[in-house]
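Residue-level listing of the chains:
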Amino acid sequence: MSRSTKSMLYRRTLWAGIIVGVIGLSIMLFSNVFMQSIGTYTFNGANGFFYALTHIYLLAAQACMPFSAALIAAALVMRYLDALGVRPSEQRTTDDILP
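Below is a short write-up of the structure. Computed from a predicted model, the values in this text were never measured in an experiment. (Residues numbered from 1 in each chain as written. Predicted model: local features only at pLDDT ≥ 70, side-chain atom pairs only at ≥ 80, totals over all residues. Heavy atoms only, no water.)

Considering helix 3 (residues 48–84)
- Compared with the 54 Å implied by 1.5 Å per residue over 37 residues, the 54 Å span of helix 3 between its first and last C-alpha is a close match.
- Where helix 3 is concerned, the buried positions are Thr54, Tyr57, Ala61, Cys64, Ser68, Leu71, Ala75 and Asp82.
- Phi turns positive one or two residues past the end of helix 3, at Gly85, with a value near 80°. (Helix = DSSP H or I, 4+ residues; strand = E, 2+ residues; numbered from the N terminus. Expected span 1.5 Å × (residues − 1). Buried < 20%, exposed > 50% of the residue type's maximum accessible area, 1.4 Å probe, protein only.)

Quick look at the structure:
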C-alpha cells in the first residue's frame, strides 16, 4: 500500500467523523423547531407515523455524536501509526516506540 493511500484513508475518516458530528449537532440544535412543527410524544391511532418519526429523529442525535467521536479517534490513531511507519500486521513493543 503506498504512502498516499494511507494518508487518504485517515483524511477520509476524519472528514466523515466531522460531517457526522455536524449532522448530530444540527439535529440537536433544531430539535425544538422539529418538535413544534411535526413532533409528538403521545401515541394514538391517528399519529403513529409522527410518533415513530419523532423517536427516530431524537435517537439520531444520540447515535451521531458517539459515532463521530469514534471516527475522529480512529483517524487520529491511523495518522499516528502512519507517522511511525507501522503496518498493521507488524508486531511492535513499547521498547520499539519509546526513545
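Examining the nonpolar core
- In terms of nonpolar packing, the biggest core is built from five residues, these being Ile27, Phe34, Met35, Tyr57 and Ala61.
- Elements with a minimum of two residues in this core: helix 2 (31–37) and helix 3.
- With near-sequence residues (within four places) excluded, Ile27 lies in contact with Tyr57, Ala60 and Ala61. (Core = buried A, V, L, I, M, F, W, Y, C linked by side-chain atoms within 4.5 Å. Contact = heavy atoms within 4.5 Å.)

Focus on a nonpolar patch on the surface
- A cluster of nonpolar side chains, contributed by Leu25, Met28, Leu29, Phe30, Val33 and Met65, occupies part of the molecular surface with about 590 Å² of accessible area.
- For the nonpolar patch, the leading source of residues is helix 1 (residues 3–29), giving three residues.
- When you line up the elements, Met28 lands in helix 1. (Patch = residues over 30% accessible without salt bridge, like charges linked within 9 Å, V, L, I, M, F, W, Y side chains within 5 Å. Areas by Shrake-Rupley, 256 points an atom, 1.4 Å probe, with all protein chains shown as cover. Salt bridge = Lys/Arg side-chain N within 4 Å of Asp/Glu carboxyl O.)

Description of the side chain of Thr13
- Note that Thr13 resides in helix 1.
- A distance of 2.7 Å separates a polar side-chain atom of Thr13 from the backbone oxygen of Leu9.
- Residues within four places of Thr13 in sequence aside, it is in contact with Leu71, Ala74, Ala75 and Met78. (Polar contact = N/O pair within 3.5 Å; in protein donor to acceptor, adjacent residues only side chain to side chain.)

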